[in-house]
Amino acid sequence: MPVFRYADILLMKAEAILRGATPTLGASALSLVNEVRTIRKASAWSTVTLDNLLDERGREFAWENWRRNDLIRFGKVEDSKGYKTDANTTRRLYPVPTYARVLNPLLSQNPGY
């Protein structure tokens, strides 16, 4: 059963607004991020950018296995602070397990594996 925390919903909405979505219910990206920061007793920000938001998601979701997905979505997984040491974009996808390909011969392996 998927579980999403309220902070994740707020930060996803802030990201969507920063990427061009229409703000709803009077909430700006900055107000949404500051709501999360206020709950955590952190100081409020005066501006927010996508890079700041990525850093905030890293702090908020430490040890929750979201970082790799966030780095891929923000286009930073190949950067030096990403998980990978090379710039090979084919490694964004995991290999399809052999047992899955045996069970379903219509599956093909992801490129590069």
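This section reports on the structure supplied with the text.

Thresholds, definitions, all that
- Residues numbered from 1 in each chain as written.
- Predicted model: local features only at pLDDT ≥ 70, side-chain atom pairs only at ≥ 80, totals over all residues.
- Heavy atoms only, no water.
- Salt bridge = Lys/Arg side-chain N within 4 Å of Asp/Glu carboxyl O.
- Helix = DSSP H or I, 4+ residues; strand = E, 2+ residues; numbered from the N terminus.
- Buried < 20%, exposed > 50% of the residue type's maximum accessible area, 1.4 Å probe, protein only.
- Axes fitted to C-alpha atoms, helices over the stretch in contact; angles between N-to-C directions.
- Parallel < 35°, antiparallel > 145°, perpendicular 65-115°, else oblique.
- Left-handed = near helix turned anticlockwise from the far one by under 90°.
- Contact = heavy atoms within 4.5 Å.
- Nonpolar A, V, L, I, M, F, W, Y, C, P; charged D, E, K, R; others polar.

In total, this model carries 11 salt bridges according to the counting rule given. Of the charged contacts, one joins Arg73 and Glu15 as a salt bridge, the two residues approaching to 2.8 Å between their closest N and O atoms. Linking Arg73 in helix α4 (residues 67-73) with Glu15 in helix α1 (residues 6-18), this pair joins segments that are 58 residues apart in sequence. Among the ionic pairs, Asp70 bridges to Arg73, the shortest N-O distance being 3.0 Å. Here Asp70 pairs with Arg73, and both are found in helix α4, just 3 residues apart, close to one helical turn. Residue Arg73 is classed as partly exposed on the basis of its relative accessible area of 36%. Several salt bridges converge on common partners, so that one network encompasses Asp8, Glu15, Arg19, Arg57, Asp70 and Arg73.

Right, let's get into the packing of α1 against helix α2 (residues 29-39). Between α1 and α2, the least distance of the axes is 8 Å, while the angle of their chain directions is 160°. Taken together, α1 and α2 sit at an angle that is classed as roughly antiparallel. In terms of crossing hand, the pair formed by α1 and α2 is left-handed. Where α1 approaches α2, its residues Tyr6, Ala7, Leu10, Leu11, Lys13, Ala14, Ile17 and Leu18 are matched on the opposing element by Ala29, Leu32, Val33, Glu35 and Val36. Here the contact of α1 with α2 is built from residues that sort into 11 nonpolar, no polar and 2 charged.

Keep in mind that these numbers describe shape and distance, not what the molecule does.
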